Amino acid sequence: MASIKLENITKKYSKNITALENVSLNIDDGEFVVLVGPSGCGKSTTLRIIAGLENATEGNLYIGGQSVKNVKPKDRNIAMVFQNYALYPHLTVFDNMAFGLKMRKVDRDEIKKKIIQAAQMLHIEDLLNRKPGELSGGQKQRVALGRAIVREPRVFLLDEPLSNLDAELRMQMRIEIIKLHKKLEATFVYVTHDQTEAMTMADRIVVMKDGIIQQAGTPESIYKNPSNIFVAGFIGSPRMNFIEVTVTGRGENIGLSAKNFTLPTVGCPYDDDILKRYMGRKLKAGIRPEDVRYVTKKDKSEGIYAVHEITEVLGHEAYVHFDCFGEKITARSAVKEVIEEGAGVKIIFDVKKVQLFDAESEKNIVLPSIDHEKYFCTEN
């Protein structure tokens, strides 16, 4: 069993510096969990505590159901892959991969067998006699992974392993790591600030900010039902559009009034009883760029007037930016005819996809299902 349980973990570096605050999380055996968040959010500290490279100030940590509070890093049967590869420059690839096994006094023939198997898995058989200085970034990363694989650990910890690679190589390595996880059937805990990596690789994402878990769930559940404004804005590219609104009206005429326009609530996923509780109060309406479309002013569809500012063309799609009575709105669309800068259009929101957040607490006014029973985590 290689399940991991963090129970009320707090890490303080000083009275004024808290890296983690009361973090609790369950990770299943064989699961691929990605910790994601901005720099300084505590994700790498969490990884280092699991590895035993740092001690928690408070709380308990269990691996395979056993407390590892007093277990040394070398005795936890965990392999860590670092951002900077951490290869010995004077050793060959073979000796780098063999180093940990030699320290454990594993039989020479067994070492050779394990290294050849790992090298074949990672397609680096022809690199075994080279030294790190003769390798590309992608090759070094494969060697670092190979060094971890030969140890046959029960848990793999990966700390931003692809951040030094170019965009194309990052994509290739993402695919290789996903394949590797499926082949090894081990528990993977992966740290990144790149939400694309998180969305494409994870069985489950843990979003962190300021040392606190904001939300834990599948990539789809977090994308569709973010628990607060931070998660909604951090996950998704381009980021979610936010508009400050007030709940107004009565009966069947309840609406979400922005400064200079009103969003209808017909078809909105929030029922009238919920909206009535917020009558007259400030909310933030969130809408994904793909749920925004635009038509010409001559189109008879009902919409909100906006002015085109700029279009970013990405080949297969475009990000179209508008000014809507002072609100900055981005639409994601298939590449269409070029719109002139300053041209007027009508913006149409898919109100069925609107997310509403309390402007004060920044929480989704209807807490989404985020698997609290199975994967308990602290709420912000």
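Source: prediction; values computed, not measured.

S.K.: Explain the overall build of the protein chain to me, please; I cannot follow it from the model alone.
M.R.: Counting secondary structure elements, the protein chain contains nine helices and 20 strands. For the protein chain, the C-alpha atoms occupy an extent of roughly 75 × 45 × 35 Å along the three principal directions. With 380 residues in all, the protein chain has 50% of them scored as buried. Long-range contacts, defined here as pairs at least 24 residues apart, represent 67% of the contacts in the protein chain between residues at least 6 apart. Element-wise, carbon and sulfur atoms account for 48% of the exposed surface of the protein chain, whose accessible area totals about 18,900 Å².

S.K.: Explain helix α1 (residues 43-51) to me, please; I cannot follow it from the model alone.
M.R.: Spacing of three or four residues puts side chains on the same side of an α-helix, whose turn is 3.6 residues. Burial within α1 is extensive, with seven of its nine residues counted as buried. Among all positions in α1, only K43, T45, T46, L47, I49, I50 and A51 are buried. Residue G52 follows α1 closely and has a positive phi angle near 90°.

S.K.: Before we go on, may I ask you to explain the sheet that holds strand β7 (residues 155-159) in this structure?
M.R.: Across a sheet, paired strands are connected by hydrogen bonds in the backbone, their directions being either parallel or antiparallel. Taken together, six strands build an open sheet; the order of strands is β6-β7-β8-β3-β9-β10 and the sheet is mixed. The sheet is open, and its two borders are formed by β6 (78-81) and β10 (212-217), each paired with just one other strand. The sheet shows a mean angle of 15° between the axes of neighbouring strands, direction not considered. Where strand β3 (residues 32-36) and strand β9 (residues 204-209) come together, four bridges link them in parallel fashion.

S.K.: Whenever I open this one, the packing of helix α4 (residues 137-149) against helix α5 (residues 167-184) confuses me. Can you help?
M.R.: Helix-helix packing is characterised by the crossing angle of the two axes and by the distance between the axes. Contact geometry for α4 and α5: axes closest at 11 Å, N-to-C directions at 15°. By the angle between their directions, the pair α4 and α5 is classed as roughly parallel. The element α4 and its partner α5 pack so that their crossing is right-handed. Contact with α4, carried on its side by G138, Q141, R142, L145 and I149, involves L169, M173, E176, I177, L180 and L184 of α5 and no other residues of that element. Residues that form the contact of α4 with α5 fall into these classes: seven nonpolar, two polar and two charged.

S.K.: Even after reading the chapter, I still don't get the pattern of salt bridges, so can you show me in this structure?
M.R.: Working definition: two side chains of opposite charge can pair if their charged atoms are close together. Throughout the structure, instances matching the rule amount to 17 salt bridges. For the salt bridge of E244 with K282, the shortest nitrogen-to-oxygen distance reads 4.0 Å. Here the residue E244 occupies a position in strand β11 (residues 241-248), and K282 occupies one in strand β14 (residues 282-287), the gap between them amounting to 38 residues. Taking the relative accessible area as the measure of exposure, E244 reaches 41% and is therefore partly exposed. Because the salt bridges share partners, they merge into one network encompassing D291, D350, K352 and K353.

S.K.: Teacher, can you tell me more about unusual backbone geometry here?
M.R.: One can expect most non-glycine residues to show negative phi and most peptide bonds to be in trans. S237 connects to P238 through a cis peptide bond whose omega is -5°. With respect to the element layout, P238 can be found in the loop between α8 (229-234) and β11. At N22, a residue that is not glycine, the phi angle is positive and equals roughly 55°. Within the fold, N22 resides in strand β2 (residues 18-27).

S.K.: Teacher, can you tell me more about helix α2 (residues 93-103) here?
M.R.: Here α2 has its buried residues at V93, N96, M97, A98 and L101. K105 sits one or two residues past α2 and shows a positive phi near 60°.

S.K.: Looking at this structure, I do not really get a nonpolar patch on the surface. What am I missing?
M.R.: Where nonpolar side chains cluster on the molecular surface, the patch consists of Y88, F99 and M103 and spans about 300 Å² of accessible area. Relative to the helices and strands, Y88 is located in the loop between β6 and α2.

S.K.: What should I look at first to understand the sheet that holds strand β15 (residues 292-296) in this one?
M.R.: Sheet architecture is open: five strands sit in the order β15-β19-β16-β17-β18, paired in antiparallel fashion. Strands with a single pairing partner mark the edges of an open sheet, and in this sheet they are β15 and β18 (327-333). On average, each strand axis in the sheet is inclined to that of its neighbour by 45°, with strand direction left out of account. Bridging between strand β16 (residues 304-313) and strand β17 (residues 318-324) involves six bridges; their strand directions are antiparallel. Directly across from E312, in β17, lies its bridge partner Y319.

S.K.: In this structure, what is going on with the nonpolar core? I would like to understand it.
M.R.: Within soluble globular proteins, side chains that are nonpolar tend to cluster in buried spots. The biggest cluster of nonpolar side chains holds 46 residues, and the ones touching the most others in it are V36, M97, L145, L158, I177, Y190 and V207. Ranked by size, the runner-up nonpolar core spans 34 residues in total, among them I254, L275, C324 and V351.

S.K.: It is not clear to me how the confidence of the model for the protein chain should be interpreted in this structure. Could you clarify?
M.R.: Atomic detail in the predicted coordinates should be set aside for any region of low pLDDT. For the protein chain, the mean per-residue pLDDT works out to 89, and 95% of the residues sit at or above 70. Confidence, expressed as mean pLDDT per element, reaches its minimum in the protein chain at strand β13 (residues 262-264) with 79 and its maximum at β3 with 97. Contacts for the low-pLDDT stretch residues 368-380, under 50 throughout, to residues beyond four places or in other chains number 35 contacts.

S.K.: What's the story with the environment of P161 in this structure? I'm lost.
M.R.: With respect to the element layout, P161 can be found in the loop between β7 and α5. P161 gets classed as buried once you look at its relative accessible area, which sits at 0%.

S.K.: I'm lost on the packing of helix α3 (residues 108-122) against α4 in this one. Help?
M.R.: Interaxial distance between α3 and α4 falls to 9 Å at its minimum, and their mutual angle equals 140°. As judged from the angle between their axes, α3 and α4 are oblique. As α3 packs across α4, the resulting crossing turns out to be right-handed. Packed against α3, whose contacting residues are A118, M121 and L122, the element α4 presents R142, L145, G146 and I149 at the interface. Counted by class, the contact of α3 with α4 contains five nonpolar, one polar and one charged residues.

About the cut-offs
Residues numbered from 1 in each chain as written. Predicted model: local features only at pLDDT ≥ 70, side-chain atom pairs only at ≥ 80, totals over all residues. Heavy atoms only, no water. Helix = DSSP H or I, 4+ residues; strand = E, 2+ residues; numbered from the N terminus. Buried < 20%, exposed > 50% of the residue type's maximum accessible area, 1.4 Å probe, protein only. Contact = heavy atoms within 4.5 Å. Areas by Shrake-Rupley, 256 points an atom, 1.4 Å probe, with all protein chains shown as cover. Pairing = 2+ DSSP bridges. Axes fitted to C-alpha atoms, helices over the stretch in contact; angles between N-to-C directions. Parallel < 35°, antiparallel > 145°, perpendicular 65-115°, else oblique. Left-handed = near helix turned anticlockwise from the far one by under 90°. Nonpolar A, V, L, I, M, F, W, Y, C, P; charged D, E, K, R; others polar. Salt bridge = Lys/Arg side-chain N within 4 Å of Asp/Glu carboxyl O. Patch = residues over 30% accessible without salt bridge, like charges linked within 9 Å, V, L, I, M, F, W, Y side chains within 5 Å. Core = buried A, V, L, I, M, F, W, Y, C linked by side-chain atoms within 4.5 Å. pLDDT = per-residue confidence, 0-100.

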